[in-house]
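# Analysis of the macromolecular model
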Amino acid sequence: MKRLQNLNTNIGTTTATVLNIQRMSTEDGPGLRTTVFFKGCGLRCAWCHNPESISPYPEVQWLEARCIGCGTCVKACPLGAVAADGRGIHIDRSLCDGCGACARECPATAMELLGEEWSMDRLVAEVVKDRSYILNSDGGGITASGGDPLVQAPFVAEFFRRCREEGFHTALDTCGFIGTPSLERVMPHTDLVLFDLKLSDGAGHKLHTGHSNSKILENLVHVRDYIESHERPELWIRTPVIPGATDTEENIAALAHVIEGLLNGAVSRWELCAFNNLCRDKYRRLGIEWEYRDAQLLDAALMERLANVARDSVTRPEIVRWSGATAGEQAAGDGQREKKTAATHLVKGCG
Amino acid sequence: MESTALKFQIKEPKGLSPRIAWLRDYYFSGVDRAWNNEFTPWTTGTPWDVQYDEISFYIVPETYPFLQTFRSSMHQLARPVKLDPAFWSWTLQERRAWFVREVMVNHVPQELLPGDLVAGSRFNLQASRCWTKNEAAARDRLIYGKKGARAFMKWFHDHGYGNAGATSGHLIPGYERALTAGWKGIHEDLKAHYEALGESDRKGEKGAQLRAMMTAATMPRDLAAKYASLCRRLAQKEITPSRREELAQMAANLDRVPWEPATNFWEAVQSLWITHMLVMSDENYPGPGVSFGRLDQYLFPYWERSISGGMDREFGKEILKCFWIHANTAYDAMIRVGGNQGITAGFGQLFNLSGMGPGGRDMTNELTYALLEVIDEMTPILEPKPNVRLHANTPDKLLDKVIDMISSSQGAPFLLNFDERSMAGMMREAGSAGVESLITAENVYDYASVGCLENTMVGNDRSGTVDCNLNLLKAVELAFTGGKDLVPVIDFMSGKPGKITQDGPATGDATKFRTWEEFWNAYVIQTRFLVKKCVELYEASERVRAEFSPTPYLSTLVKGCAQKALDVTRGGPELNFVTIEGVTFGTTVDSLLAVKYLVFDKKECTMAQLIQALRDNWQGHDVLQAKAKYRAPKYGRDDDEADALATKVMDLWTAETWKYRTISTGRQFRPGMLSWNYWVGDGYVLAASPDGRPKGQFLSNAICPSNGADTNGPTANANSVGKAMGGRAADGKGDWKDYLSSLPNGASHTITFNPSLLRDPEHRGKFKAFIKGYIANGGSALQVNMIDADMLREAQKHPQNYRHLLVRITGYNAYFTSIGRELQDEIIARESHNKY
Ligand code: SF4
Ligand code: SF4
């Protein structure tokens, strides 16, 4: 019952369930941005970097490092979902309804509620705080990410409208797996779409993400048509390069075919984002077995090769970029040296 | 077998000519050098003679145990100087002026390193203080008496209040005048002032002062003559024709400057160096904070003239690089003390680059870029320290160059200073101190920075920028106890706890307070007490310096001293300030926020329980400590409510500071925020604090949020800092335009970023936007660190490979491997926390 109530409030325009707000984000579109991570996503990608963003409902997680073992959370839970033993705190997910009582009581913020209700006004007030930085950057603005922000499309549409009123550029980061009306609702207020394209093969897509890609491609065509008739927004494609799933030359070439054939000229950037294993801890905390737990970072050489395949397969090779942490030398994006990124919180980007 | 491979690339010098590469390598060979610039002590030969003046070191708690040792060892090693027969009939300032000149010109050897293009080598002196027996005894009483300066200073420090002492350096002498008028001009001017004195003034203190200054003004001339003949001797022996020519030219330069005005770039740099190094000789104090001001502005006419006269641009840079090496030899003073050849923290011979000019115009010029190239090619090196002034009209070309350098040097090889906020602070000072005729909207852009980032005017201003360092947190402690130490001070010798006494005002039993306002009021009263106590402590050493330690040479370079015929140590300068640096600001604000949150707003505990937890150093109070650390609001998150309290704390202590002047010298106190390394050391002195910090953990640094508190990232952090300083005036009526600033001295702010942020041009563009946003929203000065934790851990493991890895905190820059393990760990903790 509680969950339904939560969900109902989420589809209005007054409040939204927000996972996190990252200021001075440098990886979610042009310039400096404030990225709002909305909760909820229709796909179930096996490699998902932000598993805490999938469910549209609030969830709790236990951060071991902060816990002082006081047991307050055990007593606080009205449903008896929290237990403590010598090894730590355990949350019985089948009992927990995300009420957040444990998180409110925990003295050390070791019990954390993921997914907080934000009102429109409060959210707008929060993102304008970085106006001076954002408006001084090239194309900087606000990014709605997730999850898939389109799960809360009415709110996001109004939020974007308000952001643009404030003079901010808006970017929508979506996996495209959503009813087209949701997309239609947000497009008029969007300056840039960051659209995830993972696998060209429908069966493979179903295998790795739980759903075929037909809806996604349909939405992509919708975006293309919208761009053709309105001459905006800008469109970037993002492809997560995942070992054993999307990291083949065939897949990249086939995606290039989609970009060339279907989107012909509408795409101004195609980013290949290397698989990241830093989210291991997040799965553990949420009590989810992760298929990719032991997967290693990819080789920089492989990323470079795939990027070359991509470049060779599109008419404008300059739109292709790659980024992310890689194994070995930890060399990175576009031939520049890079240290592995220390971002352990929300790994953004592709998928 | 320990691996010695270098895993991480650290910045290397580049593009150095063989000459400069040799000089630089020679410099870094440290104790192995045949030549160095170690202190040489000199005596008048009296048994009561003193060389080492401990007062300058009262702000360096690490030296407290050695003060006596330094004094006696310098005295023992001191070589006698044959005195003028009339010596003891002169006044103290005349004796001292004569003695320093005599030693520098006729006793300290003049030397020139191979290939060097700038003359002026040994300048680190411990010269006799030239006291008569009576003077020495009178001074000793003021220092060592039961109520003397040293005991007061020790009490103040041991009880966690901070430290204060009349310290040398830390100003920008009027160097430009030495270049344009020459010492001849300065001397003539002094003479005119002297001749304008009435008969009785001439016989009195005023006459003595001006005579001493005239003597001092001939020191650069006489020393230059010595160096000129040295160059001629070397030229005769020189076999390489090109070097022979250089030496001949140097001799010719020295025939003119610094006595005559400089006519070209080489002469100007030569003149500047001798003029500058003699300040350090005069004060017997190597380097700290004797700063150059706007180097790219006042050297620019000479640069332009020489370039158009055919000087090769690279040769111009070569002259500057020699100047760089000279500045670093200041560190030789204590070359055999400590593990890193006397090099610890940066001494802070600071200079500014770029910045605003009349009408808000940007002043970047060709020399700005040449100097940046010199820095880039010489880095890593500590001195002189660059501070780049940025503002809304800074050209993108300069910003791009600055960011490029940041990306290749583990962080900026320089500090960034922000004109709008800085000038707002200077304008506030003009109003608060009643010096509106000296600091005006038309000249305020000519401000410059001292030491690390302390803003002052130039050539007429001594603001004692590091002289008082006050732990604001102590007032919170005293508010709990009604004016007593929360925990007893353990006696260093006996290991026994001392008696707790009523030191501050009795503000009542905090456990009886029913409202937050009552606690705040107690805090207000204790803060007033704290500031007053600091002012009293300062007076204890200020009056001693004023009476016994004149610096007539330095006085010739500070406007006001000749006009008033008053030494710089006696209040001579036109602008006469002492800065109280507020230390522990973030910890203080967070502590107050925690008291409000835990005791009054959320009633998580009673006041008595909180006080007990602090007495117990949080031991056994885990839950309450966790709430204090994690649930209470914090400064640094751009949380308007928390930041409003930060502003309130700022307004309170700065208003108190403006209420005082020194008695002996009439210097107005003014506020600033710089913590040098006190936030580390005093963390072991101050009791546990309500923000959850146990005794022994570091305090917050300068105006920075407490470590780890800035959970919303750099922009939120910067916004909080800007707000704490005053923000922007909603009605447009700020101190400078709409900018407000409570801190004329400015405030030190450090943010550490992960190097990946600057990995490609696109990301460098994003970082540039951050800097531009900082100009609008942030504080007065920013130190950017670009270091990742892995590299620092590697450097801890293999220090031999990372000797030149510079880290910068607060403009307190230091070689990472030369700082203590605790501070190293702290820096690593900071960086690991950092997600950006
Ligand atoms: S969120 Fe609510 S139901 Fe879930 S564990 Fe916490 S207290 Fe229990
Ligand atoms: S309440 Fe928080 S700190 Fe206490 S046991 Fe639970 S998670 Fe740990």
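Placed above this text is the structure.
Predicted, not measured: the structure shown is a model, and the values here were computed from it. (Residues numbered from 1 in each chain as written. Chains lettered and ligands numbered in written order. Predicted model: local features only at pLDDT ≥ 70, side-chain atom pairs only at ≥ 80, totals over all residues. Heavy atoms only, no water.)

## Some remarks on the overall build of chain B
Quick note on the threshold: Think of it this way: any DSSP run of H or I at least four residues long counts as a helix, any run of E at least two long counts as a strand, and we number them from the N terminus. For this measure, only C-alpha atoms enter the radius of gyration; the expected value for a globule follows 2.2 Å times N^0.38, where N is the number of residues. Think of it in three bands: with a 1.4 Å probe and only protein chains considered, a residue is buried below 20% of the maximum accessible area for its type, exposed above 50%, and partly exposed in between. Accessible surface area values rest on a Shrake-Rupley calculation with a 1.4 Å probe, where residue burial reflects the displayed protein chains alone. Two residue types count as positive, namely Lys and Arg, and two as negative, namely Asp and Glu; His and chain ends fall outside the count. Just so you know, the charge point we use is NZ for Lys, CZ for Arg, CG for Asp and CD for Glu.
Each helix and strand counted, chain B has 31 helices and 18 strands in total. Relative to the globule expectation of 28 Å for 836 residues, the C-alpha radius of gyration of chain B, 26 Å, shows essentially globular dimensions. Judged by the C-alpha coordinates and their principal axes, chain B covers about 85 × 65 × 65 Å. Split into buried and exposed, the 836 residues of chain B put 67% on the buried side. For chain B, the accessible area works out to roughly 27600 Å², and carbon and sulfur atoms hold 53% of it. Averaging the coordinates of the 96 positive side-chain charges in chain B and doing the same for the 98 negative ones gives two points 3 Å apart.

## Looking at the packing of helix 10 (residues 249-262) of chain A against helix 12 (residues 300-313) of chain A
Residues and elements named next belong to chain A. Applied cut-off: Where helices are involved, their axes are fitted lines through C-alpha atoms of the stretch in contact, as for all axes, and angles between N-to-C directions lie from 0 to 180°. These descriptions rest on fixed angle ranges, namely under 35 degrees for roughly parallel, over 145 for roughly antiparallel, 65 to 115 for roughly perpendicular, and the rest for oblique. Helix crossings are classified by the rotation of the near helix relative to the far one: an anticlockwise turn of less than a right angle makes the crossing left-handed, while a clockwise turn makes it right-handed. When checking whether two residues touch, look at their non-hydrogen atoms; a contact exists if any pair is within 4.5 Å. Residue type decides the class: Asp, Glu, Lys and Arg count as charged, Ala, Val, Leu, Ile, Met, Phe, Trp, Tyr, Cys and Pro as nonpolar, and the leftover types, Gly among them, as polar.
Axis separation between helix 10 and helix 12 bottoms out at 9 Å; the angle between their running directions is 30 degrees. Compared by their axis directions, helix 10 and helix 12 come out roughly parallel. Considering how the two elements wind past one another, helix 10 and helix 12 form a crossing that is right-handed. When helix 10 is examined against helix 12, the residues E249, I252, A253, A256 and E260 are found in contact with a partner set consisting of R305, L306, V309, A310 and S313. Across the contact of helix 10 with helix 12, the residue classes break down as six nonpolar, one polar and three charged.

## A closer look at the site of ligand 2
Rules: Think of it this way: one heavy atom of a residue within 4 Å of a molecule or strand is enough to make that residue near it.
All residues adjacent to ligand 2 are W62, C67, I68, G69, C70, G71, T72, C73, I89, C106, P107 and A110 of chain A. When grouped by side-chain class, the residues that make up the shell around ligand 2 number nine nonpolar, three polar and no charged.

## Some words on the sheet that holds strand 15 (residues 748-753) of chain B
Residues and elements named next belong to chain B. Just so we agree on the cut-off: Two strands pair under a simple rule: DSSP has to find at least two bridges between them.
In spatial order, the strands read 5-6-7-8-16-15; together these six strands make up an open sheet with mixed pairing. The sheet is open, and its two edges are formed by strand 5 (293-294) and strand 15, each paired on a single side. Taken together, the two bridges between strand 8 (residues 415-418) and strand 16 (residues 781-786) define a ladder with antiparallel strand orientation. Bridge pairing links L416 to L782 in strand 16. Contacts from helix 18 (residues 419-433) reach strand 7 (385-390) and strand 8 within the one sheet, and its direction differs from that of strand 8 by about 60 degrees. In this fold helix 29 (residues 761-777) packs onto strand 7, strand 8, strand 15 and strand 16, with an angle of close to 160 degrees to the strand it touches most, strand 16.

## Quick word on the interface of chain A and chain B
Where interface size is quoted, it is often the accessible area lost as the parts come together. This is how it is decided: Reported buried area values correspond to the accessible surface (1.4 Å probe) lost by two parts on association, with both partners' losses combined. When a carboxyl oxygen of Asp or Glu lies within 4 Å of a side-chain nitrogen of Lys or Arg, that pair is called a salt bridge. We define a polar contact as two N or O atoms separated by no more than 3.5 Å, with the added condition that, inside protein, one atom must be a possible hydrogen donor and the other a possible acceptor, whereas residues neighbouring each other in sequence contribute only through side-chain atom pairs.
Between chain A and chain B, the contact holds 36 residues from the first and 38 residues from the second. Between chain A and chain B, a total of about 3000 Å² is buried, with carbon and sulfur atoms accounting for 54% of that surface. Across the contact surface, chain A and chain B share four salt bridges. R321 of chain A serves as the salt-bridge partner of E762 of chain B, at 2.8 Å between the closest nitrogen and oxygen. At the boundary of chain A with chain B, the tally comes to 17 residue pairs in polar contact (both at pLDDT 80 or more). At the level of secondary structure, the elements contributing two or more residues to the side of chain A that touches chain B comprise strand 1 (15-25), helix 3 (101-105) and helix 5 (131-134) of chain A. A per-class count over the side of chain A that touches chain B returns 12 nonpolar, 11 polar and 13 charged.

## Focus: the nonpolar core
Let me state the cut-off plainly: Note on terminology: a nonpolar core comprises buried Ala, Val, Leu, Ile, Met, Phe, Trp, Tyr and Cys residues joined through side-chain atoms within 4.5 Å.
F519, F585, I703, F767 and F770 of chain B are the most contacted members of the largest nonpolar core, which totals 258 residues. Top contributing element to this core by residue count: helix 20 (residues 516-548) of chain B, with 16 residues. Not counting chain neighbours up to four residues away, the residues in contact with F767 of chain B comprise I403, I406, F753, L757, L758, V784 and M786 of chain B. Within the second largest apolar cluster, 77 residues are counted, among which are C175, L183, L272 and I319 of chain A.

## Examining the site of ligand 1
Close contacts around ligand 1 come from V60, C77, P78, L79, V82, C96, D97, G98, C99, G100, A101 and C102 of chain A, and that covers them all. Residue composition of the shell around ligand 1, by class: nine nonpolar, two polar and one charged.

## Description of helix 3 (residues 92-106) of chain B
For clarity, the cut-off: Multiplying one less than the number of residues by 1.5 Å gives the expected span of a helix.
Taking 1.5 Å of rise per residue, the 15 residues of helix 3 of chain B would be expected to cover 21 Å, and the 21 Å separating its terminal C-alpha atoms lies within 8% of that figure. Counting buried residues along helix 3 of chain B, 13 of its 15 residues qualify, which places the element largely inside the surrounding structure.

Without other data, these values stay purely geometric and don't point to any function.
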